Structures are given as structure tokens and as C-alpha cells.
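Descriptive analysis of the structure
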Amino acid sequence: MDIHRRIQSQTSSTSTATPSKHAFETRVADVKSPKSDINALILDYLMMEGYPKAAEKFQKEANLKPKQEDPTINARQEIQHAIHVGNIQKAISDLNELDPGILDSDPHLHFSLLRLQLIELIRNAKGYDPTAAINFAQEKLAPRAASNEQFLKELEKTMALLIFPPDKLQPDLAALLHSDLRRNTAAQVNEVVLQRHTERREAAIRQLVRMRAWAEASCRSKKRNLPDRIELGLNNGDDNGHEPMVTS
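Owing to the predicted nature of the structure, the values given are computational and were not obtained by experimental measurement. (Residues numbered from 1 in each chain as written. Predicted model: local features only at pLDDT ≥ 70, side-chain atom pairs only at ≥ 80, totals over all residues. Heavy atoms only, no water.)

Further remarks concern the overall build of the chain. Of the regular secondary structure elements, the chain holds 12 helices and zero strands. Counting helices and strands in the order they occur from the N terminus, the chain gives α-α-α-α-α-α-α-α-α-α-α-α. The burial tally for the chain puts 30% of its 248 residues in the buried class. Sequence separation of at least 24 residues holds for 57% of the intrachain contacts in the chain that already meet a minimum separation of 6. (Helix = DSSP H or I, 4+ residues; strand = E, 2+ residues; numbered from the N terminus. Buried < 20%, exposed > 50% of the residue type's maximum accessible area, 1.4 Å probe, protein only. Contact = heavy atoms within 4.5 Å.)

Written out as C-alpha cells, the structure reads:
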């Protein structure tokens, strides 16, 4: 009977024991990043991504010194919002007002916005008269596609949306109607504006995340002693592959 109890006690102790930390995790825990550096990264992200209200509020709460004012931040926010809600004409108009030469100097960006505007016209024409979408494609996109093979392929693919019903679309066509395309185009516009006006394309934290991923891949390729999984630490401990959202 005593032996049976001892076995049960040992089994219970083993099952409830806290797993020991990997040596790498212990070393990481010993590194204390200054809170001021982390706050500066967060503020930089909010400014670069175009969240002026959130940036101003965070700056006050974190007691940070005012950063050099970015004259494009409000315009960038408005342009990105217009793209997110499908008002591409407003986005193009606001972009031209902010920087009259930006679309002329970047044909790919201009075509991407016009194609997205065509997609919105097709989306709104489902079950109705598609004349507006067809005319827009002929007047705005066809002349550009005539001299660019990639543009032509993208235009033909987009026009296929008029042929098939939404529930019969192949995945590559259905992706054109997904909100991800709006989000990606908005991010592309933001990066181009940033590069032209600040000589940077993105927030510093994005560069750090890529550097971290490169360092891990490099260490694993050299068979360094690392845990099987290393949390990125940007999603409250839930590194599920989704980019954290920040709203103003």
C-alpha cells in the first residue's frame, strides 16, 4: 500500500512540475530593453503607418518628446481610409493633391489604383449594367496595358470578374474582391509617399521583425541550440501569424 502511494505521489509531482526554461529563453528574459526605446518604436510605428490621433495620444501618455511633425500623416491617413472603404477615386484625387507628380513617376502604382477602381466598379455592377466598368477599363486601363504585358495580364484577369458569378470564381479571381487587396494597395501607397517625403518606406519595427526572422533562420541553418518555437511577442504571447492591428 505504501509503495502504491509513493508511486501516485511521484506521478502527481511529475505531471504538475513546471517545465524548465530553455537556456535561450533564460538569456532572452535577462535582456531588459529600455522602456523608452520600446515607446519610441511604438510612436514611430503609429506615425509611419498614418495614425495621427493615436500617435498624439500615445505621445502624451508615454511622456515622450514631440517628434518632428510629419506634414503628410493626416493626408496619408485619409488616403488609406479611402482605399480601405473602396473610394478609389477620392484616394487618387487626394494623392494628386498631396503630391501632383507621384502617379506620373510611378506607373505601377498608378495602374494598381486604377485597377482597384475598376474592381470596385465591377463589384458595384454585379447583377446590373456593367457599362460603366467596361468604359472605364477601355478609357483608363487599356491604353496603359497596350504597352505593358504585365498590365495587360492583370487587366484581362480583372475583366474576367464580369463573366463569372461571385460564387463560381476561382481562388485567384476571388482574391481580387477580397479586402486584402485594398489593404495591400493602401500599404503600397503609404510606402511610396513615405519614401518620397521622408526617405523611408516603413516603420522601424518592421525592419526589426525581419532582422529577427533572418537571425533565427541563420542560427537554425547552423544548428544552433534554439527552442523548437520562438514567440515573436507582438500578439500578447499568441504568435499566430497575423499582423497586430493598430487603430486611431
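Let's pick the thread back up.
Tallying each qualifying case throughout the model produces six salt bridges. Notably, a salt bridge pairs arginine 123 with glutamate 120, separated by 3.1 Å at the nearest N-O pair. You can see arginine 123 and its partner glutamate 120 sitting in helix α7 (residues 107-125), three residues apart, about one turn around the helix. Lysine 153 is the partner of glutamate 149 in a salt bridge, and the nearest nitrogen-oxygen pair spans 3.8 Å. With a gap of four residues between them, glutamate 149 and lysine 153 both fall in helix α9 (residues 149-159), about one helical turn apart. Classification of lysine 153 as partly exposed rests on a relative accessible area of 48%. Each of Glu120, Arg123 and Arg182 takes part in one network of salt bridges that share partners. (Salt bridge = Lys/Arg side-chain N within 4 Å of Asp/Glu carboxyl O.)

The subject of this paragraph is the nonpolar core. Ile83, Leu95, Leu113, Leu118 and Val189 are the most contacted members of the largest nonpolar core, which totals 34 residues. Elements that contribute at least two residues to this core include exactly α5 (73-84), α6 (88-98), α7, α8 (131-145), α9 and α11 (179-198). The biggest single contributor to this core is α7, with eight residues. If near-sequence neighbours (up to four positions away) are discounted, leucine 95 is found in contact with Ile79, Ile102, Leu103, Leu113, Val189 and Val193. Within the second largest apolar cluster, 12 residues are counted, among which are Leu43, Tyr51, Ile73 and Ala203. (Core = buried A, V, L, I, M, F, W, Y, C linked by side-chain atoms within 4.5 Å.)

Residues at a pLDDT of 70 or more form 81% of the chain, whose mean pLDDT is 80. Taken together, the stretch residues 234-248 has pLDDT below 50 and engages in 23 contacts with residues farther than four places along the chain or on a different chain. (pLDDT = per-residue confidence, 0-100.)

Before going further, it helps to examine the side chain of threonine 72. With respect to the helices, strands and loops of the structure, threonine 72 is situated in the loop between α4 (52-61) and α5. Take threonine 72: its relative accessible area is 3%, and that puts it in the buried class. What threonine 72 contacts, discounting residues up to four positions off in sequence, is Leu98, Val193 and His197.

On to the packing of α6 against α7, then. Geometry of a packed helix pair, given as the angle between the helix axes and the separation of the axes. Two elements in contact, α6 and α7, have axes whose closest approach is 9 Å; the angle formed by their N-to-C orientations is 155°. In this view, α6 runs roughly antiparallel relative to α7, as classed from their interaxial angle. Between α6, through Ile88, Gln89, Ile92 and Leu95, and α7, the contact on the second element is made entirely by Leu113, Leu114, Leu116, Gln117 and Glu120. Counted by class, the contact of α6 with α7 contains six nonpolar, two polar and one charged residues. (Axes fitted to C-alpha atoms, helices over the stretch in contact; angles between N-to-C directions. Parallel < 35°, antiparallel > 145°, perpendicular 65-115°, else oblique. Nonpolar A, V, L, I, M, F, W, Y, C, P; charged D, E, K, R; others polar.)

Take the environment of arginine 182 next. Summarising the element assignment, arginine 182 is placed in helix α11. In contact with arginine 182, other than residues within four places in its own chain, are Ile83, His84, Val85, Gly86, Leu116, Glu120 and Arg123. A polar contact is formed between the side chain of arginine 182 and the backbone oxygen of histidine 84, at a distance of 3.0 Å. (Polar contact = N/O pair within 3.5 Å; in protein donor to acceptor, adjacent residues only side chain to side chain.)

Okay, α8 next. Every α-helical turn comprises 3.6 residues, leaving residues that sit three or four positions apart pointing alike. Compared with the 21 Å implied by 1.5 Å per residue over 15 residues, the 19 Å span of α8 between its first and last C-alpha is a close match. Along α8, the sharpest kink reaches roughly 40°, centred on glutamine 138. Buried within α8 we find Ala133, Phe136, Ala137, Leu141 and Ala145. Buried residues along α8 sit in contact with α7 and α9. (Expected span 1.5 Å × (residues − 1). Bend = angle between axes of the 7 residues up to and from the residue.)

Our next topic: the environment of lysine 126. For lysine 126, the position within the fold is in the loop between α7 and α8. Distance in space between the C-alpha atoms of lysine 126 and leucine 161 is 9.2 Å, their sequence separation being 35 residues.

Turning to a nonpolar patch on the surface, a few remarks are in order. Taken together, the side chains of Leu208, Met211 and Trp214 make up a nonpolar region of the molecular surface, amounting to roughly 370 Å² of accessible area. Its place among the elements puts methionine 211 in helix α12 (residues 204-221). Judged by its relative accessible area of 52%, methionine 211 is exposed. (Patch = residues over 30% accessible without salt bridge, like charges linked within 9 Å, V, L, I, M, F, W, Y side chains within 5 Å. Areas by Shrake-Rupley, 256 points an atom, 1.4 Å probe, with all protein chains shown as cover.)

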